[in-house]
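Here are the chains, one letter per residue:
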Amino acid sequence: MKKMSTFSKRTIINNTILILLGIISATFGLKGFLLSSHFIDGGVTGISMLISNIFGIPIAILIFVINVPFLWLGYNKLGTLFAVKSTAAIAGLSLALAFINVPDVTSDKLLTAVFGGLFIGVGIALAIRGGAVLDGTEIAALLVSKKAQVVKVNDVILIFNVIIFLTAAKFLGVESALYSILTYLAASKMIDVILNGLEQYTGITVISTKSELIRRIITNQLGRGVTIYQGKSGYGKDGEINDTRDIVFTVATRLEVPSIKQVILEIDPKAFIVQQSIEDTTGGLLKRKGLH
């Protein structure tokens, strides 16, 4: 129980720090870059910025008020803890925008769009790492995609943001809308990098009659972990064959894939190799072992 309690306290502290850092980063991106230039981001944050630009309502109020329906959805569908943490995170962002003074960092429009987006993206990603959101769009997109099934989360977010940026083009001008799209792309990229990491992994599945030799080379010479599972061959060049064979599966970074494929094909030029992108991994032997 004591270990569990210590782990729980450490988790709470880590999540709180991540959310606070996320609030600080998003606040800096908004007040230090975007607000003075009348550029907007996507999602609920973008809607808040757009309404603030058109009607003059303080963005600190809008960000919290517009997020309330999404937080209610999150409470009903994703749980109380998530809703409480997200409410606290969005309230913290609203308070930071209202009371923290941040000077304009640059008047250059390109730098404003790119770095404003980067800091907002970092803020949103850190909050997600801490188990909360600073923008309720993700909640709505997830729930819509579950209902529709044919539509993916990214599709919902894209459609949502297209509407926002078209509206921005009408009220703020085409140039501001185009810079805002750049801001959104920069933010999206930073979210992807922080949540999925710089090293994008690739899953490699190898079907070969020399699977044992391939396994030994990958583990002993290349220092990668592998998983072996058994399959049966179907219809191939030699007709219908029903013999069993081991299938080798390993995960590597994109930079390591060419060398692994080269080694496999040197062992068996007829090996069937399948590659697939992997957004995230947990556990297992993902780093190289020390080779002696």
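Rules used in this analysis
- Residues numbered from 1 in each chain as written.
- Predicted model: local features only at pLDDT ≥ 70, side-chain atom pairs only at ≥ 80, totals over all residues.
- Heavy atoms only, no water.
- Helix = DSSP H or I, 4+ residues; strand = E, 2+ residues; numbered from the N terminus.
- Buried < 20%, exposed > 50% of the residue type's maximum accessible area, 1.4 Å probe, protein only.
- Contact = heavy atoms within 4.5 Å.
- Areas by Shrake-Rupley, 256 points an atom, 1.4 Å probe, with all protein chains shown as cover.
- Axes fitted to C-alpha atoms, helices over the stretch in contact; angles between N-to-C directions.
- Left-handed = near helix turned anticlockwise from the far one by under 90°.
- Nonpolar A, V, L, I, M, F, W, Y, C, P; charged D, E, K, R; others polar.
- Core = buried A, V, L, I, M, F, W, Y, C linked by side-chain atoms within 4.5 Å.
- Pairing = 2+ DSSP bridges.
- Salt bridge = Lys/Arg side-chain N within 4 Å of Asp/Glu carboxyl O.
- UniProt positions renumbered as here; feature names shortened; annotations may be inferred.
- Phe/Tyr/Trp six-rings, centres within 6.5 Å; stacked < 30°, edge-to-face > 60°.
- Expected span 1.5 Å × (residues − 1).
- Polar contact = N/O pair within 3.5 Å; in protein donor to acceptor, adjacent residues only side chain to side chain.

Colleague: How should the overall build of the protein be read in this particular structure?
Modeller: Of the regular secondary structure elements, the protein holds 10 helices and 6 strands. The 292 residues of the protein split such that 41% are buried. Of all intrachain contacts in the protein linking residues separated by at least 6 positions in sequence, the fraction that spans at least 24 positions is 73%. Total accessible area on the protein stands at roughly 16700 Å², and carbon and sulfur atoms take up 64% of it.

Colleague: What should I look at first to understand the packing of helix α9 (residues 211–221) against helix α10 (residues 257–267) in this one?
Modeller: In a pair of packed helices, the angle between the axes and the distance between the axes together describe the arrangement. Between α9 and α10, the shortest axis-to-axis distance is 10 Å and the interhelical angle comes to 145°. Handedness of the crossing formed by α9 with α10: right-handed. Listed contacts from α10 to Leu213, Ile214, Ile217 and Ile218 of α9 are Val263, Ile264 and Ile267. Of the residues assigned to the contact of α9 with α10, the class counts are 7 nonpolar, no polar and no charged.

Colleague: Could you clarify how one ought to interpret the nonpolar core in this entry?
Modeller: The tendency in soluble globular proteins is for nonpolar side chains to be buried side by side. Judged by nonpolar contacts, the single largest core of 36 residues is most densely connected at Leu30, Leu34, Ile63, Leu97 and Leu134. Contributions of two or more residues to this core are made by α1 (2–37), α2 (43–55), α3 (59–78), α4 (80–99), α5 (109–129), α7 (153–172) and α8 (174–196). No other element matches the 7 residues that α5 contributes to this core. In terms of nonpolar packing, the next biggest core, distinct from the first, is built from 15 residues, Ile204, Leu222, Val263 and Ile264 among them.

Colleague: How do you make sense of the pairing of strand β5 (residues 244–253) when you look at a structure like this?
Modeller: Side-chain direction in a regular strand flips from residue to residue, so the side chains alternate between the two faces of the sheet. Where strand β1 (residues 201–207) meets β5, 7 bridges bridge the pair, whose relative direction is antiparallel. Across the sheet, the residue bridging to Tyr201 is Thr253, located in β5. With 7 bridges connecting them, strand β2 (residues 226–232) and β5 associate as antiparallel partners. What sits directly across from Tyr229, in β5, is Ile247.

Colleague: Please explain the sheet that holds β5 as it appears in this structure.
Modeller: Note on sheets: strands pair through backbone hydrogen bonds, and any given pair is parallel or antiparallel. Pairing is antiparallel across the open sheet formed by 4 strands, whose spatial order is β2-β5-β1-β6. Strands at the two margins of the open sheet, each flanked by one partner only, are β2 and β6 (272–278). Within this sheet the neighbouring strands show an average axis-to-axis angle of 25°, counted without direction. Strands in contact with α10 are β1, β5 and β6; relative to β6, the strand with the most contacts, it is inclined by about 165°.

Colleague: Would you explain the pattern of salt bridges in this entry?
Modeller: Pairing between side chains of opposite charge can happen when the charged atoms of each approach one another. Evaluation of the coordinates by the stated rule reveals 3 salt bridges. In this structure, the salt-bridge partner of Glu175 is Lys109, at a minimum N-O distance of 2.6 Å. With a gap of 66 residues between them, Glu175 in helix α8 and Lys109 in helix α5 connect regions that are remote in the sequence. Using a relative accessible area of 39% as the deciding quantity, one classes Lys109 as partly exposed. With its nearest N and O atoms 3.6 Å apart, the salt bridge here joins Glu212 to Arg216. Highlighted residues: Glu212 and Arg216, both in helix α9, separated by 4 residues, approximately one helical turn. It is possible to trace a salt-bridge network through shared partners that takes in Glu212, Arg215 and Arg216.

Colleague: Where do I start with the UniProt feature "transmembrane region" (unreviewed entry) in the protein in this structure?
Modeller: Taken from the UniProt record, the annotation "transmembrane region" (unreviewed entry) applies to residues 12–34, 54–75, 82–100, 112–132 and 153–172. Structurally, residues 82–100 is divided into 95% helix and 0% strand, and its ends, taken at the C-alpha atoms, are 26 Å apart. In residues 112–132, helix accounts for 86% and strand for 0%; the two terminal C-alpha atoms are 26 Å from one another.

Colleague: Sorry if this is basic, but what is going on with the packing of aromatic side chains here?
Modeller: Each pair of aromatic rings is reported with the distance of its centres and the angle of its planes. All told, the structure shown has 7 aromatic pairs when counted by the stated rule. Residues Phe33 and Phe115 carry aromatic rings whose centres are separated by 6.5 Å and whose planes lie at 20° to one another, so their mutual orientation is stacked. Taken together, the residues span a long stretch of sequence, with Phe33 in helix α1 and Phe115 in helix α5 at a distance of 82 residues. Among the residues examined, Phe33 registers a relative accessible area of 4% and is labelled buried.

Colleague: Would you explain α5 in this entry?
Modeller: Three or four residues apart is the spacing at which side chains of an α-helix point the same way, because the helix has 3.6 residues per turn. With 21 residues, α5 ought to run about 30 Å at 1.5 Å a step, and its terminal C-alpha atoms sit 30 Å apart, in line with that. Listed in full, the buried residues belonging to α5 are Thr112, Ala113, Gly116, Gly117, Ile120, Gly121, Val122, Gly123, Ile124, Ala125, Leu126 and Ala127. For α5, the N-terminal capping position is held by Asp108, with its side-chain oxygen 3.0 Å away from the main-chain nitrogen of Leu110. Just downstream of α5 lies Gly131, where phi reads positive at about 90°.

Colleague: When you look at the environment of Leu21 in this model, what are you seeing that I'm missing?
Modeller: Assignment of secondary structure puts Leu21 in helix α1. In the structure, Leu21 is positioned 103 residues away from Ile124 in sequence and 9.7 Å away in space, judged by C-alpha atoms.

Colleague: How should the environment of Leu182 be read in this particular structure?
Modeller: Structurally, the position occupied by Leu182 is in helix α8. Put simply, Leu182 and Ile40 are 142 residues apart on the chain and 9.7 Å apart in space, counted from C-alpha to C-alpha. Leaving out residues up to four positions away in the same chain, Leu182 has contacts with Leu110, Ala113 and Val114.

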